[in-house]
Amino acid sequence: MNPLAAALDLSRIHPSDEAAVWPLCLAIVQCRRSGGWPTAPGRYALVTDPAPAASRPAALLSSAAPDAPLAWSAQDGWSLCGEHDACTLEFFALYKPLLDRPPGSAPWVIAQLGQSLDGFVATHRGHSCFVTGPQSLVHLHRLRALCDAVIVGAGTVAADDPRLTTRHVEGAHPVRVVLDPHQGLDGAARVFSDGEAPTLRLCRVDATAGDVASPGNEEVLGVPGLLDANGALDARAVVAALQARGLSLLFVEGGGITVSRFLAQSCLDRLHLTVAPVLIGAGRRGLQVAAADTMDECLRPHARALRLGDDVLWDIDLRHPAPPLTAPR
Ligand SMILES: NC(=O)c1ccc[n+]([C@@H]2O[C@H](COP(=O)([O-])OP(=O)(O)OC[C@H]3O[C@@H](n4cnc5c(N)ncnc54)[C@H](OP(=O)(O)O)[C@@H]3O)[C@@H](O)[C@H]2O)c1
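Presented here is an overview of the structure given in this document. These numbers come from a predicted model, not from an experiment. (Residues numbered from 1 in each chain as written. Predicted model: local features only at pLDDT ≥ 70, side-chain atom pairs only at ≥ 80, totals over all residues. Heavy atoms only, no water.)

**Focus: the site of the ligand**
Around the ligand sit 24 residues, and of these T156, D160, I257, T258 and R261 come closest. Within the side chain of Q112, an N or O atom sits 3.0 Å from an oxygen atom of the ligand. In the model, an oxygen atom of the ligand is placed 3.0 Å from a nitrogen or oxygen of the G126 main chain. Contact with the protein chains hides 74% of the accessible area of the ligand, taken as 920 Å² for the molecule alone. Broken down by secondary-structure element, the contributors of at least two residues to the shell around the ligand are β5 (108-116), β6 (120-122), α5 (154-160), β11 (249-254) and α8 (256-264). A total of six residues in the shell around the ligand trace back to one element, the largest contributor, which is α5. Here the shell around the ligand is built from residues that sort into eight nonpolar, twelve polar and four charged. (Near = heavy atom within 4 Å. Polar contact = N/O pair within 3.5 Å; in protein donor to acceptor, adjacent residues only side chain to side chain. Areas by Shrake-Rupley, 256 points an atom, 1.4 Å probe, with all protein chains shown as cover. Helix = DSSP H or I, 4+ residues; strand = E, 2+ residues; numbered from the N terminus. Nonpolar A, V, L, I, M, F, W, Y, C, P; charged D, E, K, R; others polar.)

Here it is, written out as structure tokens:
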């Protein structure tokens, strides 16, 4: 059977199931950021606050109630309890690798690209609204909401002027990080001035001198070693600089050059590569990797496919290789 034909369409999750599970995901993230992470295995339930306030984050509490919706253990991380349909279980499973990062753990980096059947993330003019469908856009906003920071390359800010917020889902905006080593971007870009969330503009140390064009909500951060001896972006320096700021769950949103640089430097743990049924032709390249001479030299990570409406989401675990392929018997 074709595995894609059997792949679940996550966008078909029932609204009431999504409304029950997504707040649990947000509460887990909140516990990691602001305390309340479990120390003992057991069942956990959302705290119901009689007077909710934006300043008082959602929390999870140890619960003896038989209908507590979550279980946690140091070995298995978080799991959904009770009866759920396959779509709801897959929904939770997709985000579980992000949810299972305990406070104080090493940085963990997920990237995404939404690309065409012919491997492009935008047209040759840089137009990318929209490559993938609406369900994939909602998924992208969920990744933003679960991560501490969303990272984009300067080319994406120049082409898209993105807001990098979570406006299509419930959840806090991440810190927005723009990789702009030479501080060449126009300070009028929305991430630098819209005040919707903090923005860090990462630059070479010697490019940070002088006035910032748009003070807005941006902070210019000079990163030692941001460019290597060949003038190429050092993704490890980016991760280290953000970790020093307490930002350890990182989402690299694009574009193709930036995601490919993180991959080439082994700085990605996971990749969500969404393939849309569209042909762009000679556009901006998506994922680019070094050429291999033979197939056994190629990176073949463990991956599984899910559907998001008309798109196919490849959930790729870059830390675990797939078993080698064999010829049919
Ligand atoms: N479909 C998707 O999932 C998705 C996601 C994000 C973006 N996009 C699209 O991807 C395209 C951008 O991706 P990309 O791979 O070309 O680049 P990128 O990864 O966003 O940014 C890195 C590239 O931008 C260059 N750059 C530096 N300063 C710049 C400036 N001021 N203006 C323009 N470019 C600058 C960098 O040059 P140096 O190497 O010299 O520093 C580098 O080549 C856009 O068209 C965007 O719409 C698509």
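So that's the structure; there's more coming.
**Re the nonpolar core**
Membership of the largest hydrophobic core comes to 47 residues, with the highest contact counts inside it found for L70, W78, F92, L99 and L146. Among the elements that make up this core, the one with the highest residue count is helix α2 (residues 15-34) (nine residues). Each of two domains, domain 1 (3-49 + 57-99) and domain 2 (108-321), supplies a minimum of three residues to this core. Dropping the residues within four chain positions of it, F92 is found in contact with V21, C25, I28, L70, W78, S79, L80 and L99. (Core = buried A, V, L, I, M, F, W, Y, C linked by side-chain atoms within 4.5 Å. Buried < 20%, exposed > 50% of the residue type's maximum accessible area, 1.4 Å probe, protein only. Domains from an automatic or database assignment. Contact = heavy atoms within 4.5 Å.)

**Thoughts on the sheet that holds strand β10 (residues 218-223)**
Spatially, the nine strands line up as an open sheet ordered β10-β9-β8-β7-β11-β5-β12-β15-β14, and their pairing is mixed. The outermost strands of the open sheet, each flanked by one partner alone, are β10 and β14 (301-308). Mean inter-strand twist for the sheet, computed between neighbouring axes without regard to direction, equals 25 degrees. As paired elements, strand β7 (residues 149-153) and β11 share four bridges and run parallel to each other. Bridge pairing links V150 to F251 in β11. Running over the sheet, helix α7 (residues 235-244) touches β5, β7, β8 (175-179), β9 (199-204), β10 and β11 and is turned about 135 degrees from β9. (Pairing = 2+ DSSP bridges. Axes fitted to C-alpha atoms, helices over the stretch in contact; angles between N-to-C directions.)

**Focus on α2**
The end-to-end C-alpha distance of α2, which contains 20 residues, comes to 28 Å, matching closely the 28 Å that a straight helix rising 1.5 Å per residue would cover. Inspection of α2 places V21, W22, L24, C25, L26, A27, I28, V29, C31 and R32 among the buried residues, and these make up the whole buried set. One or two steps after α2, the chain reaches G35, where phi turns positive at roughly 95 degrees. (Expected span 1.5 Å × (residues − 1).)

**Let's talk about the pairing of β7**
For a regular strand, the rule is simple: side chains alternate between the two faces of the sheet. Within β7, five of the five residues are buried, which leaves it mostly tucked inside the rest of the structure. Residues A149, I151 and G153 line one face of β7 and the alternating positions V150 and V152 line the opposite face, and both faces are buried. One ladder, built from five bridges, connects β7 with β8; its direction is parallel. Looking across to β8, one finds that G153 is bridged to L179. A crossover connection joins β7 to the parallel β8 through α5; in handedness this β-α-β unit is right-handed. (Right-handed = clockwise from strand over helix to strand, strands pointing away.)

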